[in-house]
There are 2 protein chains.
Amino acid sequence: MTTEPTILIVDDEAAIRDMIGVALDTAGFNSMEAESALEAHVNIVDKRPDLVLLDWMLPGGSGIELARRLKREELTADIPIIMLTAKTSEDNKVQGLDVGVDDYVTKPFSPRELIARIKAVLRRSTGNLRDKPIRVFDLELDPASHRVTIEEKAVDMGPTEYRLLNFFMTHPEKVFSRDHIQDQVWGANVYLEERTVDVHIGRLRKALTSASSPGINYAGLIQTVRGAGYRFSTKPE
Amino acid sequence: MTTEPTILIVDDEAAIRDMIGVALDTAGFNSMEAESALEAHVNIVDKRPDLVLLDWMLPGGSGIELARRLKREELTADIPIIMLTAKTSEDNKVQGLDVGVDDYVTKPFSPRELIARIKAVLRRSTGNLRDKPIRVFDLELDPASHRVTIEEKAVDMGPTEYRLLNFFMTHPEKVFSRDHIQDQVWGANVYLEERTVDVHIGRLRKALTSASSPGINYAGLIQTVRGAGYRFSTKPE
DNA sequence: CTACTCCGTCATAAAATTGTAATATTTCAA
DNA sequence: TTGAAATATTACAATTTTATGACGGAGTAG
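Just so you know, these numbers come straight off a predicted model, no measurement behind them. (Residues numbered from 1 in each chain as written. Chains lettered and ligands numbered in written order. Predicted model: local features only at pLDDT ≥ 70, side-chain atom pairs only at ≥ 80, totals over all residues. Heavy atoms only, no water.)

Caption draft 1: Quick look at helix α1 (residues 14–26) of chain A. Residue and element names in this part refer to chain A. When the terminal C-alpha atoms of α1 are compared, their 18 Å separation across 13 residues agrees well with the 18 Å that a helix rising 1.5 Å per residue should span. For α1, every residue scored as buried is listed here: Ile16, Arg17, Ile20, Gly21, Ala23 and Leu24. Within α1, the buried residues cover an arc of 165 degrees as seen down the axis, which keeps them to one side. Seen from the open side of α1, the exposed residues pointing more than 90 degrees away from its buried face are Ala15, Val22 and Thr26. Gly28 sits one or two residues past α1 and shows a positive phi near 90 degrees. (Helix = DSSP H or I, 4+ residues; strand = E, 2+ residues; numbered from the N terminus. Expected span 1.5 Å × (residues − 1). Buried < 20%, exposed > 50% of the residue type's maximum accessible area, 1.4 Å probe, protein only. Arc of directions from axis to C-beta.)

Put into structure tokens, the structure is as follows:
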């Protein structure tokens, strides 16, 4: 996976999408496009972009509707949204912010302004949510440095195992089916063999084990729940 | 997985309905069919399927109309809809139909993709309603973590015993015949020896006993009602 | 190009669970 | 008190589920 943030552009006018797309590329972002709310929703669920640029005036007024929906559903609630709006009336702002949108930009806007706002929102959202290290006993996952440590010593693992652990540590004490884990860690609608999850669980456990000190084995935090899936828990099985 | 989700297929072509029906059966879903928007609506209100697969090219363009209507009406708004669309060339029209459809699949599609998307949508929609832990004295069953504890200490039991206990705890103070228990815990249309229920009751009791503290034995909550079945009750026999 | 790393799948091993049948125990009415 | 009926318990082989090691392919850095 690339480290540049991916931005989804949702607008019904191809010209605008292209224009924004070029601006984003220039600024070093990856971009995807969608021309309808429906297409956008599918893309968001499937690909999990880091941010969504959403035209308020989609046909059928569905822009707002989409924003509301994204913020309502747990799976997508934490994806920041910047609204693109043509009008400058207060109503838009109020309504948009009410929905939980992170920022808005009024058309016409300069690419520079757009980029600036995107960066600001990304900084804010990654700062709030992902920046704080998560710690369990002496196991620490630090999103900022993208690093896992046990007793301050680095734990070596692949990117997938990192995402897996990250997901588990942000959702402790809950079972997740293999399907669910695939959705969260690999992205929805990616078809994998179910057992693939097992294999990566195994790899994660091994990584944790070989970095654990004799007293405590952190692999024990990743618990198998027979017939149901896996669970990250500090309570013993 | 006591009951398989039921999926309603709405398409005017019998061939397509059949094809999808077979795919759904294979994947372990129940399926129903409807060939018109009207029939579909009646079925939906009557039977409340867990998900609707809706061809948007129903005669008279009534597919979109149906979707809109379902999402508008309180009673049906929470039933997820997956649209089946003919081709991407229809995108212009698709735009107008945001309506809150949960996903869409373009024909021709592979059964595998369809199943994957159905599962993803179902997971999303049902995952939102969280089950609260059920507690009786110091015995707690927590569906979220899929865990049973006595005085905060984990109780070890197999999947079937978990389902059994879950059923009992959600239906306390009532007697259930072995047949009824089989239906609820194993699912209908599963034939088992009647005595099998006894065995699992025994296993459940044993699990509860070996996790109980000296003062109180939680196995006592599972009461035998001679000649009738079993009962979960907080009142002593 | 070569040597890595990481990924997803498969085959196989290991472990846990399941249903049944056989046997033991309890209950209740006569 | 006895014995048939109902329930409990035990043991076990079959099945299901999970764990693990190995392998080839993709992608990358040197």
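After that view, the rundown keeps rolling.
Caption draft 2: Layout of the pattern of salt bridges. All names here are of chain B. Following the criterion strictly, the structure yields 23 salt bridges over all chains and no others. Where Arg135 meets Asp138, a salt bridge forms, and the shortest distance between an N and an O atom there is 3.3 Å. Arg135 gets classed as partly exposed once you look at its relative accessible area, which sits at 39%. Through salt bridges that share partners, Arg135, Asp138, Glu140 and Glu152 make up one connected network. (Salt bridge = Lys/Arg side-chain N within 4 Å of Asp/Glu carboxyl O.)

Caption draft 3: Highlighting the sheet that holds strand β6 (residues 134–136) of chain A. Residues and elements named next belong to chain A. Spatial strand order, β6-β7-β8-β9: 4 strands in an open sheet with antiparallel pairing. Edge positions in the sheet fall to β6 and β9 (153–154), since each has one partner strand and no second. The pairing of β6 with strand β7 (residues 139–142) spans 3 bridges and is classified as antiparallel. Across the sheet, residue Val136 finds its bridge partner in β7, namely Leu139. The strands that helix α6 (residues 159–170) touches are β6, β7 and β8 (147–150); relative to β7, the one it contacts most, it runs at about 110 degrees. (Pairing = 2+ DSSP bridges. Contact = heavy atoms within 4.5 Å. Axes fitted to C-alpha atoms, helices over the stretch in contact; angles between N-to-C directions.)

Caption draft 4: Up close: the protein's contact with DNA strand D. Near DNA strand D lie 22 residues; those nearest to it are Thr224 and Tyr230 of chain A together with Thr224, Gly227 and Tyr230 of chain B. Within 4 Å of the protein, the contacting atoms of DNA strand D are drawn from sugar and phosphate to the extent of 71%. A distance of 2.9 Å separates a phosphate oxygen of DNA strand D from a polar backbone atom of Gly227 of chain A. Elements represented by at least two residues in the surface near DNA strand D include exactly α8 (195–211) and β11 (222–225) of chain A together with α8 (195–211) and β11 (222–225) of chain B. Per-class residue counts for the surface near DNA strand D are 6 nonpolar, 4 polar and 12 charged. (Near = heavy atom within 4 Å. Polar contact = N/O pair within 3.5 Å; in protein donor to acceptor, adjacent residues only side chain to side chain. Nonpolar A, V, L, I, M, F, W, Y, C, P; charged D, E, K, R; others polar.)

Caption draft 5: Main features of the nonpolar core. Ranked by internal contacts, the top residues of the largest apolar core, which has 30 residues, are Leu139, Phe168, Ile181, Leu208 and Phe232 of chain B. Mapped onto this core, the elements with two or more residues apiece are β7 (139–142), β8 (147–150), α6 (159–170), α7 (178–186), α8 and β12 (229–232) of chain B. When residues no more than four places from it in sequence are discounted, the contact partners of Phe232 of chain B are Val136, Leu139, Leu165, Phe168, Met169, Pro172, Glu173, Lys174, Leu221 and Ile222 of chain B. Counting residues in hydrophobic clusters, the runner-up holds 28 residues, among them Tyr162, Phe168, Ala207 and Ile222 of chain A. (Core = buried A, V, L, I, M, F, W, Y, C linked by side-chain atoms within 4.5 Å.)

Caption draft 6: Representation of the sheet that holds strand β10 (residues 175–176) of chain B. Residues and elements named next belong to chain B. With antiparallel pairing, the 3 strands of this open sheet are ordered in space as β10-β12-β11. Looking along the sheet, the strands with just one partner apiece sit at the ends: β10 and β11. Relative to β12, β10 is paired through 2 bridges, and the arrangement is antiparallel. Within β12, the residue paired with Val175 across the bridge is Arg231. Those strands touched by α6 are β10, β11 and β12, and its axis lies near 65 degrees from that of β12.

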